[in-house]
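# Descriptive structure summary
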Amino acid sequence: MINLSDYIAVGQNSMFNKTVQHSDTSESYSSGLKNLLATPKLIHMAIEAAMQAIDPYLPEEYMSVGISTSFTHTAPTSLGMTVTVRATVIALDGNDVLFDIKAWDEQGDIGHGLHKRAITTKQDIEEKTALRSRFLTNRQY
């Protein structure tokens, strides 16, 4: 397999910015709150930042896949506000990369957590997917 330290370094990071739109709000998930950033959308931003931090530096035949996320959403963000998420590599362990995630908007911190991604080959993922889905007969796309 790949030696991660040849491509990724502790401290490497990426930031993801997005203005909250209607499609990012909790209204898409529940009717209780409107015009507030939904936690799943914030976690999606964290994952995007993590991917941007490492995927461009991997050899072409490799990719990262998410394997765990632990995130705390601490403050609300309103429609129209801008969210910034920073994902920083804090550890390399075998084929795993661990990220520290920080998120904020114009008013301050809104969340933090950890995200882990595994480095694998695209071929390995395709083979595992084919193996796991070989008994499905009624697939609809």
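Residues numbered from 1 in each chain as written. Predicted model: local features only at pLDDT ≥ 70, side-chain atom pairs only at ≥ 80, totals over all residues. Heavy atoms only, no water.

## Side note on the environment of Met51
Mapping Met51 onto the fold places it in helix 1 (residues 39-54). Among the residues examined, Met51 registers a relative accessible area of 26% and is labelled partly exposed. The sequence separation of Met51 and Ala87 amounts to 36 residues, and the corresponding C-alpha distance is 8.7 Å. Residue contacts for Met51: discarding those within four places in its chain leaves Pro56, Ser64 and Arg117. (Helix = DSSP H or I, 4+ residues; strand = E, 2+ residues; numbered from the N terminus. Buried < 20%, exposed > 50% of the residue type's maximum accessible area, 1.4 Å probe, protein only. Contact = heavy atoms within 4.5 Å.)

## Some thoughts on the sheet that holds strand 5 (residues 108-121)
Here five strands make up an open sheet; going across it, the order is 1-3-4-5-2 and the pairing antiparallel. The strands lining the two open edges of the sheet, one partner per strand, are strand 1 (13-19) and strand 2 (62-73). Recorded for the sheet is a direction-independent mean angle of 25° between the axes of neighbouring strands. Where strand 3 (residues 82-93) meets strand 4 (residues 96-105), nine bridges bridge the pair, whose relative direction is antiparallel. Pairing of Asp93 across the sheet is with Asp96, part of strand 4. Relative to the sheet, helix 1 contacts strand 1, strand 2, strand 3, strand 4 and strand 5, its axis offset from that of strand 3 by approximately 55°. (Pairing = 2+ DSSP bridges. Axes fitted to C-alpha atoms, helices over the stretch in contact; angles between N-to-C directions.)

## Topic: the pairing of strand 5
When strand 2 meets strand 5, the two strands line up antiparallel, connected through 11 bridges. By the bridge assignment for strand 5, His73 is matched with Gly111. For strand 4 and strand 5, the ladder comprises 10 bridges, and the chain directions are antiparallel. Paired with Leu98 across the bridge in strand 5 is Lys116.

## Re the nonpolar core
By size, the foremost hydrophobic cluster in this structure holds 26 residues, and its most contacted members are Leu42, Val85, Phe99 and Ile119. Those elements giving two or more residues to this core turn out to be helix 1, strand 2, strand 3, strand 4 and strand 5. Setting aside anything within four residues of it in sequence, one finds Val85 in contact with Ser14, Met15, Phe16, Leu42, Met45, Ala46, Ala49, Ile101, Lys102 and Ala103. (Core = buried A, V, L, I, M, F, W, Y, C linked by side-chain atoms within 4.5 Å.)

## Notes on the pattern of salt bridges
A complete count under the given rule lists three salt bridges for this structure. Asp24 serves as the salt-bridge partner of Lys18, at 2.8 Å between the closest nitrogen and oxygen. Lys18 sits in the partly exposed class, given a relative accessible area of 24%. Among the ionic pairs, Lys128 bridges to Asp124, the shortest N-O distance being 3.3 Å. Placement of both Lys128 and Asp124 in helix 2 (residues 122-132) is noted, with a separation of four residues, approximately one turn of the helix. (Salt bridge = Lys/Arg side-chain N within 4 Å of Asp/Glu carboxyl O.)

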